[in-house]
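Below, each chain spelled out in residue letters.
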Amino acid sequence: MTTATHVTDHAHDHHDHPSGIMRWVTATNHKDIGTLYLWFAFIMFLSGGVMALCIRLELFQPGLQYFRPELFNQFTTLHGLVMVFGAIMPAFTGLANWMLPLMLGAPDMAFARMNNWSFWLLPPAAALLMISFVVPGGAAAAGWTLYAPLATQMGVGMDLTIFAIHIMGISSIMGAINIIVTILNMRAPGMTLMKMPMFAWTSLITAYLLIAVMPVLAGAVTMVLTDRHFGTNFFNAAGGGDPVLYQHIFWFFGHPEVYIMALPAFGVVSQVIPTFSRKPLFGYHSMVYATASIAILSFMVWAHHMFAVGMPVTAQLFFMYATALIAVPTGVKVFNWIATMWKGAMTFETPMLFAIGFVCLFTMGGFSGVVLSIAAVDIQLQDTYYVVAHFHYVLVAGALFSLFAAVYYWLPKWTGHMYPEGRGKVHFWWSMIAFNVTFFPMHFLGLAGMPRRIPDYATQFTEFNTMATVGAFAFGIAQVYFLFFVLLPTIKGGQKAPQRPWEGGQTLEWEVPSPAPFHTWEEPPARELVDKLSAEQKLH
Amino acid sequence: MQAFQFRDAGTVAQTNSTPAAAGGRIVVGENMKNHRNKLLATLALFGASLSHAEYQLNFQQPATSIAQDVYSLHMTLLWICLVIFVIVFGVMFYSIFKHRKSTGHKPADFHESVTVEVVWTVIPLLIVVAMAWQATKVVINQKNTKGADVTVKVTGYQWKWGYDYLDEGFGFHSKLATPQTQYENFGKDSQQVEKKNENYLLEVDNAMVVPVGKKVRLLLTANDVIHSWWVPAFSTKQDAIPGFIRDTWFKADRVGVYRGQCAELCGKDHGFMPIVVNVVSDEDYKKWVSEQKKKAAESADDPNKKWELADLMKRGEKVYQDNCAVCHKPDGKGMGAFPALDGSKIAKGDRSAHVGIVLAGKNAMPGWSKTLSDTEIAAVITYERNAWGNKTGDVVQPSDIKAARK
């Protein structure tokens, strides 16, 4: 393997890395960059969360109480953008940075300097988004989808948003290239593709999705930019353009994007469940094939976001069939996780709780997804709170819960300390209950006919909205609790973590000490070790 | 309010709340298919009377055959999901309770089974195919706009709807009738908040009127950005796209008032452009059409008329309150990004620049050249140039606007 050359390349800067702030600014170490990504994502998660609470505050009761409708629309728009591009995506890139070299037996990511650059593009992009609130006309208020021609009406805040998306897109593409090259070229000797941890597989497929669709998004928003300022008419019917073209381009990006946020979550859960079931992952091969099928199908279903734009009947039917088909590989994954638990010897530490919570709630989101896939029913539910409920079940309970599972799972390796188990459990149950109080009633609101993205509503929707607002604030407080009572105490101190904090862990990261030293796998792991772990995981 | 004059024409359909919540006006009619539904409705009524709160858990009561199909389809999907939910979660929680390390369970070491994996790929596939098969005929039916009895062109504006009865040759705008004072509660305490109308945010000044039992084809477009016309009880939702015509249809089964909202984010007042459809008997519909035609003939303005300042001011104030006040505010003081007109450089300065902005729009402000007539634009500009502190004394005539359009 080519691994050996990389090891010698990086070995020399062992003793003279800078300290203080410059350690982070000039970071090329995958662990430092992973940490930066994770903290950035957490800060963005809290910022987007504050916007969500502003939305819920306004919707606590009917009437406009706190925010003008135009500011409300800015909150809904930026909440979506910040959570998708600022929180979830960087968090998974951060996990990949921290864990992939450890799990694959590589000394670092393939392109260490590009890695630095791909992280440091993110804070300026986030700054552009935040600054847009105070420019004339305020932030973008066209929804996170930035549909034209509404997006062409906005003030300078829209331009800042477009530039932010460009920058974040470049960052994502560089991060994705790094992940692909690392996985394909830097695995330990003996670790064939089909012996990689599932998290590496989902990261690899996600990275390909990113490279395929981020340029499409960049194209779409660039066309909005030129429509706004340079007299083009891509989306302006008066000049021969078509507003619906924007939606086709956007969702050609947008649907794979959903899986960019979901596939790494599948990967994390596929690491955590076998560990705490003390049993190998059931159906490793079918998991890989299911992940690949979902990724391929995700390019063929985009127009199910557009059943109400008025497509011809054949298009309605094609996209309905293709979308419903995704339920099959997704179902396979859920069945595999349950079969992994079946006849295991389970324990329920916090990572496992979040992983089981993920399986339960993601499946709920899957059910509402199946309902929405049926075009006839989608016509009724499109752009209602039912859709809001659906994608929060998939993204909050899906992506976010899996991220929490990952953080609790690897925190001992990162910090060298065990997190306080009791507090972790409190965080889980608190989040779980508050999440459902917030989002379950939204199904009913959507069915009863409440549109999404409205700052005020007819009085028959009051009770469920009030309930959702109470749940949202409880959920928000749970995350503050996580920060101050779990995360920071664990980083600062606490019980010392052993090298193998989890009895069932069989991947390479548990073969290095806790906390993981600054440089790991400078010598690739021995062939015998890799073979032994593969055999324990029943990989062949 | 036209909404009320048809209330006694037939069965009252309360479309925006549960039958239970409609309280005394509940009518358990032919739509309630069997006793079970009656029992449920009675129980719901009992529940609602216990607490005043409304907890509608499902779709609104369907008022078209498509809505009925969608309702049944959704119920089927819900049952399928529920059965899968019970089986899958049953197995998982059985495992969670039985296969614990703490109860001394030893892990098995199986890790694959081709048979099982094929089974749980094929069975979901068959379920999915069955669901899609059932839905296909509803999708095809939804898209079949042929054979319409009435055709109405629906135009989305920021932020109101326009209805043009193409066969009859008249049209009108339809906008929110709930007064701003009811929904703008900034800084008010609970005593100061105005009591909300019964159909708060779901009421309009001029409702769309259609005959019962007739196929109504809607041709939808928009003037500025994308809007979406949606009446839940009809299961009719169609985006209105500027520069393009899309069509959809509905055939209401029952006389009544049906309410909906714009379903596509269209800017600031997206939440404030409701849709109200009065479904009336054929007779009432004909009566309404002839009234509308008469009204249309009366209100047609002579574009060459020379107007006096006072008349233009009176007309202009109405145009202003209907179209401009939502952003520039009734007192002309503006709000946030929307500039004040009272004392503004445009309203007190060059007349042709003022006319130009009103016709073509600027930034977030839409152009009004297509929405308002020459007379209306002349009136509103005259109003803006003379109202509040802007005592310019200027009179803008409809003929000036006609000239400016060229």
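Residues numbered from 1 in each chain as written. Chains lettered and ligands numbered in written order. Predicted model: local features only at pLDDT ≥ 70, side-chain atom pairs only at ≥ 80, totals over all residues. Heavy atoms only, no water.

- Chain A is annotated in an unreviewed UniProt entry as Cytochrome c oxidase subunit 1 from Parachitinimonas caeni.
- Reading the Sequence similarities (unreviewed entry) entry of the UniProt record for chain A gives the comment "Belongs to the heme-copper respiratory oxidase family."
- The annotation that UniProt attaches to chain A under Pathway (unreviewed entry) is "Energy metabolism; oxidative phosphorylation." (UniProt positions renumbered as here; feature names shortened; annotations may be inferred.)

### Notes on the UniProt feature "domain: Cytochrome oxidase subunit I profile" (unreviewed entry) in chain A
Here comes step 1: The UniProt record marks residues 24-528 of chain A with the feature "domain: Cytochrome oxidase subunit I profile" (unreviewed entry), using the residue numbering of this structure.
Here comes step 2: Strand forms 0% of residues 24-528 of chain A and helix 70%; the C-alpha atoms that close the span are 36 Å apart. (Helix = DSSP H or I, 4+ residues; strand = E, 2+ residues; numbered from the N terminus.)

### Comments concerning the sheet that holds strand E5 (residues 216-222) of chain B
All names here are of chain B.
Here comes step 1: In spatial order, the strands read E3-E2-E1-E5-E8; together these five strands make up an open sheet with mixed pairing. Two strands bound the open sheet, and with one partner strand each, they are strand E3 (170-174) and strand E8 (246-250). On average, each strand axis in the sheet is tilted by 25° relative to the strand beside it, whichever way the strands run.
Here comes step 2: Bridge count for strand E1 (residues 150-157) against strand E2 (residues 160-165) is six bridges, and the pairing is antiparallel. Residue pairing across strands places Val152 opposite Tyr165, the latter belonging to E2.
Here comes step 3: Along the sheet, helix H6 (residues 282-299) makes contact with E1, E2 and E3, crossing E3 at roughly 90°. (Pairing = 2+ DSSP bridges. Axes fitted to C-alpha atoms, helices over the stretch in contact; angles between N-to-C directions. Contact = heavy atoms within 4.5 Å.)

### Examining the sheet that holds strand E6 (residues 227-231) of chain B
Residues and elements named next belong to chain B.
Here comes step 1: An order of E4-E10-E9-E6-E7 is seen for the five strands of this open sheet, with the pairing classed as mixed. The sheet is open, and its two borders are formed by strand E4 (208-211) and strand E7 (236-240), each paired with just one other strand. Each strand axis lies, on average, 25° off the axis of its neighbour in the sheet, ignoring direction.
Here comes step 2: Across six bridges, the pairing between strand E9 (residues 256-262) and strand E10 (residues 274-280) is antiparallel. By the bridge assignment, Gly256 is partnered in E10 with Val279.
Here comes step 3: This element, H6, spans E4 and E10 of the sheet and lies at about 135° to E4.

### Comments concerning the environment of Gly147(B)
All names here are of chain B.
Here comes step 1: Note on placement: Gly147 falls in the loop between helix H4 (114-142) and E1.
Here comes step 2: Since its relative accessible area comes to 62%, Gly147 is described here as exposed.
Here comes step 3: Between the C-alpha atom of Gly147 and that of Lys215, which follows or precedes it by 68 residues, the distance is 7.5 Å. (Buried < 20%, exposed > 50% of the residue type's maximum accessible area, 1.4 Å probe, protein only.)

### Focus on helix H8 (residues 156-185) of chain A
Here comes step 1: With 30 residues, H8(A) should cover 44 Å at 1.5 Å per step; its first-to-last C-alpha distance of 44 Å lies within 8% of that length.
Here comes step 2: The buried fraction of H8(A) amounts to 21 of the 30 residues, a majority that puts the element mostly inside the structure. (Expected span 1.5 Å × (residues − 1).)

### Some words on the interface of chain B and chain A
Here comes step 1: Listed per partner, the contact involves 95 residues of chain B and 100 residues of chain A.
Here comes step 2: Both faces combined, the contact of chain B with chain A buries some 8500 Å², and carbon together with sulfur accounts for 68% of it.
Here comes step 3: At the boundary of chain B and chain A, one finds three salt bridges.
Here comes step 4: Its salt-bridge partner being Glu184(B), residue Arg68(A) comes within 3.4 Å of it at the nearest N-O pair.
Here comes step 5: One can count 33 residue pairs in polar contact (both at pLDDT 80 or more) joining chain B with chain A.
Here comes step 6: Broken down by secondary-structure element, the contributors of at least two residues to the side of chain B that touches chain A are helix H3 (65-98), H4, E7 and E9 of chain B.
Here comes step 7: Examining the composition of the side of chain B that touches chain A, we find that 15 residues originate from one element, H3(B), more than from any other. (Buried area = accessible area lost by both parts, 1.4 Å probe. Salt bridge = Lys/Arg side-chain N within 4 Å of Asp/Glu carboxyl O. Polar contact = N/O pair within 3.5 Å; in protein donor to acceptor, adjacent residues only side chain to side chain.)

### Here's the deal with unusual backbone geometry
Here comes step 1: Cis geometry is adopted by the peptide bond preceding Pro515(A), which originates at Ser514(A) and carries an omega value of -10°.
Here comes step 2: Tracing the backbone shows Pro515(A) in the loop between helix H18 (462-492) and helix H19 (527-536).
Here comes step 3: For the peptide bond that leads from Gln158(B) to Trp159(B), omega is 5°, which places it in the cis range.
Here comes step 4: By secondary structure assignment, the location of Trp159(B) is in the loop between E1 and E2.
Here comes step 5: One non-glycine residue, Arg453(A), adopts positive backbone phi at about 60°.
Here comes step 6: Looking at Arg453(A), the relative accessible area reads 9%, which means it is buried.
Here comes step 7: Backbone geometry places Ser235(B), a non-glycine residue, at a positive phi of 55°.
Here comes step 8: Counting through the fold element by element, Ser235(B) comes out in the loop between E6 and E7.
Here comes step 9: The buried category is assigned to Ser235(B), whose relative accessible area is 4%.

### A look at the pairing of E5(B)
Residues and elements named next belong to chain B.
Here comes step 1: Counting buried positions along E5 gives six out of seven residues, so the element sits mostly inside the fold.
Here comes step 2: Where E1 meets E5, seven bridges bridge the pair, whose relative direction is parallel. Residue pairing for E5: Val154 is matched across the bridge by Leu220.
Here comes step 3: When E5 meets E8, the two strands line up antiparallel, connected through five bridges. When the bridges of E8 are listed, Arg217 appears paired with Trp249.

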